[in-house]
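Coordinate inspection notes
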Amino acid sequence: MYNCSLIKFKDITDKYGHLTPIESKIDTPFEVKRIYYITRVKQGITRGFHSHRKLHQVLICLNGSIKIRVKNPKEEEVVELNDPSIGLYIGPYVWREMFDFSEESVLLVLASEYYDENDYIRDYDLYLKEAIKIYR
Ligand code: T46
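Note that residues are indexed from 1 along each chain, following the sequence as it is written. At least 70 in pLDDT is required for a residue's local features to be given in this predicted model, at least 80 for side-chain atom pairs to be given and counted, and no such filter applies to totals for whole chains, interfaces and linings, which use all residues. Computation of side-chain values covers all heavy atoms of the structure but excludes hydrogens and water.

A few points about the nonpolar core
- Membership of the largest hydrophobic core comes to 23 residues, with the highest contact counts inside it found for Leu 59, Ile 68, Val 70, Leu 81, Leu 88, Ile 90 and Leu 107.
- What counts as a helix is a DSSP run of H or I of at least four residues, what counts as a strand is a run of E of at least two, and both are numbered from the N terminus. Among the elements of the structure, strand E6 (57–63), strand E7 (66–71), strand E8 (76–81), strand E9 (86–90), strand E10 (95–99), strand E11 (106–111) and helix H1 (124–135) are those that each provide at least two residues to this core.
- We call two residues in contact whenever any of their non-hydrogen atoms come within 4.5 Å of each other. The contacts of Leu 59, once residues within four sequence positions are left out, are Ile 68, Leu 81, Ile 86, Gly 87, Leu 88, Ile 90, Leu 107, Leu 108 and Val 109.
- Definition of nonpolar core: a set of buried residues of the types Ala, Val, Leu, Ile, Met, Phe, Trp, Tyr and Cys, connected through side-chain atoms within 4.5 Å. A simple rule labels every residue: compare its accessible area, found with a 1.4 Å probe on the protein chains alone, to the largest value its type can have, and call it buried under 20%, exposed over 50%, or partly exposed in between. Ranked by size, the runner-up nonpolar core spans 8 residues in total, among them Phe 9, Phe 30, Leu 108 and Leu 110.

Here you go:
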């Protein structure tokens, strides 16, 4: 899907467990300026419901599982993240909705920019209006 793809990171496995290294710009398609994580989401809660204008991000589910619906004016997909060595890259003008957070799930997000509320499009009609120019 346009501006949206899975990234497979290294999974270094030995008898001590698993280790996944992520190096900015080497393993990510952008320079990482910010990280945040989402934890302790109660059952039935949905998050997201927005797009970004400039932001690039990689979402990684470090524990448990989380579903992400990604949409643009032409396509829609649901991706389940449940492997800490897989990241979901989401670029500009992709609408995202997160749901079905399993108990104890942990979502780590690597972001290309510092937090800027003006970069968010939280209204779906406005999103369609702006995105249609890109996806036509
Ligand atoms: C995204 C998905 C995957 C900050 O103050 N700094 C930050 O870096 C972030 C990300 C959020 N906030 C504040 C803004 C809100 O008052 O934290 C509050 C919750 O943010 P929001 O409702 O946007 O959370 P989600 O889970 O809907 O979306 C987040 C990211 O905001 C968004 O960029 O793509 O995770």
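Structure shown, so let's carry the discussion forward.
Thoughts on the site of the ligand
- Any residue with a non-hydrogen atom lying within 4 Å of a molecule or strand is treated as near it. Around the ligand sit 14 residues in total, of which Arg 34, Arg 47, His 52, Gln 57 and Tyr 120 are the nearest.
- The backbone of Gly 48 places a nitrogen or oxygen atom 2.8 Å from an oxygen atom of the ligand.
- Any pair of N or O atoms that falls within 3.5 Å is considered a polar contact. Within protein, one atom must be able to donate a hydrogen and the other to accept it, and sequence-neighbouring residues count only if both atoms are side-chain atoms. One of the side-chain nitrogen or oxygen atoms of Arg 122 is found 2.9 Å away from an oxygen atom of the ligand.
- Of all the elements in the fold, those that place two or more residues in the shell around the ligand are strand E4 (34–39), strand E5 (47–52), E6 and E10.
- Top contributing element to the shell around the ligand by residue count: E5, with 4 residues.
- Grouping the amino acids of the shell around the ligand by side-chain chemistry returns 6 nonpolar, 4 polar and 4 charged. In the scheme used here, Gly and all other residues not listed as nonpolar or charged are polar, with Ala, Val, Leu, Ile, Met, Phe, Trp, Tyr, Cys and Pro taken as nonpolar and Asp, Glu, Lys and Arg as charged.

Side note on the pairing of E6
- Within E6, 5 of the 7 residues are buried, leaving the element largely enclosed by the surrounding structure.
- A pair of strands is considered paired only if DSSP assigns at least 2 bridges between the two. Alignment of E6 against E9, held across 4 bridges, turns out to be antiparallel. Of the residues in E9, the one forming a bridge with Ile 60 is Gly 87.
- Relative to E11, E6 runs antiparallel, the two being bridged by 6 bridges. Residue pairing across strands places Asn 63 opposite Val 106, the latter belonging to E11.

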